[in-house]
Amino acid sequence: NAGVTQTPKFRVLKTGQSMTLLCAQDMNHEYMYWYRQDPGMGLRLIHYSVGEGTTAKGEVPDGYNVSRLKKQNFLLGLESAAPSQTSVYFCASSTPPGAGETQYFGPGTRLLVL
Amino acid sequence: TQLLEQSPQFLSIQEGENLTVYCNSSSVFSSLQWYRQEPGEGPVLLVTVVTGGEVKKLKRLTFQFGDARKDSSLHITAAQPGDTGLYLCAGGGYGNKLVFGAGTILRVKS
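This section reports on the structure supplied with the text. (Residues numbered from 1 in each chain as written. Chains lettered and ligands numbered in written order. Predicted model: local features only at pLDDT ≥ 70, side-chain atom pairs only at ≥ 80, totals over all residues. Heavy atoms only, no water.)

1. A closer look at the overall build of chain B
In terms of regular secondary structure, chain B is built from 0 helices and 11 strands. The secondary structure elements of chain B, listed N-terminal to C-terminal, are β-β-β-β-β-β-β-β-β-β-β. Computed over its C-alpha atoms, the radius of gyration of chain B comes to 13 Å, within 12% of the 13 Å expected for a compact globule of 110 residues. Taken along the three principal axes of its C-alpha coordinates, chain B extends 40 × 30 × 20 Å. The buried share of chain B, taken over its 110 residues, is 45%. Across chain B, the fraction of contacts at a sequence separation of at least 24, relative to all contacts at a separation of at least 6, is 54%. Here chain B contributes 10 positively and 9 negatively charged side chains, and the mean placements of these two sets differ by 3 Å. (Helix = DSSP H or I, 4+ residues; strand = E, 2+ residues; numbered from the N terminus. Rg over C-alpha atoms; globule rule 2.2 N^0.38 Å. Buried < 20%, exposed > 50% of the residue type's maximum accessible area, 1.4 Å probe, protein only. Contact = heavy atoms within 4.5 Å. Lys, Arg positive; Asp, Glu negative; His and termini not counted. Charge placed at Lys NZ, Arg CZ, Asp CG, Glu CD.)

2. Points about the pairing of strand E3 (residues 19–24) of chain B
All names here are of chain B. With burial as the criterion, only one face of E3 is covered, namely that bearing Leu19, Val21 and Cys23; the residues Thr20, Tyr22 and Asn24 on the opposite face remain uncovered. Relative to E3, strand E1 (residues 5–7) runs antiparallel, the two being bridged by 3 bridges. Pairing of glutamate 5 across the sheet is with asparagine 24, part of E3. In the sheet, E3 pairs with strand E8 (residues 71–76) via 6 bridges, with the strands oriented antiparallel. Across the sheet, the residue bridging to asparagine 24 is aspartate 71, located in E8. (Pairing = 2+ DSSP bridges.)

3. Topic: the state of the cysteines
For the structure shown, the criterion picks out 2 disulfides over all chains. Disulfide pairing places Cys23(A) opposite Cys91(A) at an S-S distance of 1.9 Å. Taking the sign of the torsion about the S-S bond as the criterion, the disulfide between Cys23(A) and Cys91(A), at about -75°, is left-handed. Placement of Cys23(A) in strand E3 (residues 19–25) and of Cys91(A) in strand E9 (residues 87–94) is noted, with a sequence separation of 68 residues between them. Owing to a relative accessible area of 0%, Cys23(A) belongs among the buried residues under this scheme. Each sulfur in the disulfide pair Cys23(B) and Cys89(B) lies 2.0 Å from the other. Here Cys23(B) and Cys89(B) share a disulfide; its torsion about the S-S bond, 75°, makes the bridge right-handed. With Cys23(B) in strand E3 and Cys89(B) in strand E9 (residues 85–94), the pair connects residues that are 66 residues apart, well separated along the chain. (Disulfide = S-S within 2.5 Å.)

4. A closer look at the layout of surface pockets
Of the volumes computed, that of the largest pocket is approximately 560 Å³. Elements supplying a minimum of two residues to the lining of the largest pocket: strand E4 (31–38) and E9 of chain A together with E9 and strand E11 (104–109) of chain B. The greatest single-element share of the lining of the largest pocket, amounting to 3 residues, is contributed by E11(B). Residues of the lining of the largest pocket, tallied by class, amount to 10 nonpolar, 11 polar and 5 charged. (1 Å grid on protein atoms, 1.4 Å probe; cavity = no way out; pocket = protein on both sides within 12 Å on 5 of 7 lines; lining within 4 Å. Points joined across faces, edges and corners; volume = space filled by probe spheres on them. Nonpolar A, V, L, I, M, F, W, Y, C, P; charged D, E, K, R; others polar.)

Structure, rendered in structure tokens:
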């Protein structure tokens, strides 16, 4: 099992460009999440999904869109990238929340917006 | 808004020393998790505590959940260079989401 994989690993964008980050998991998890990680701010939730065809906003959703067309994939889109979106993006998946379910994280995508 | 504050933000110690990292909040959480993250990788779960006052041990690491379920601590005995990394606490119990602290960067020098 590969667990959670993310592509690409690293990307440089110019302001205004668009891109899609792909997350795939092979653990048959219902729940998937997108976080961004910035120095001194920990992990902040962008969007999440509780199942195929569903999405919901997290703490910092502005400037991002997501789609969950297949259970195993969760896509994060930036329609018009801004320098403030320079960050490391992590995808995670989990079983439905209970008394402390484990979130399994991918290796991250480093995005630089110039 | 639930917030988790971690302290210290950065810790640099010599191999063999002991250390404690704290995670505090004004909110009650149904569970508290600790993750460890190495450079260039995603966080990996170390432990989950769910009962107020609970203590769990993982080799040289001891985790404690406060009686009121608002705080937690991670104690490492005889730290080793392999313990170097970013330690994150995360609180659960608010729907489908975890609330993460900002993290503590630990560097253990040999």
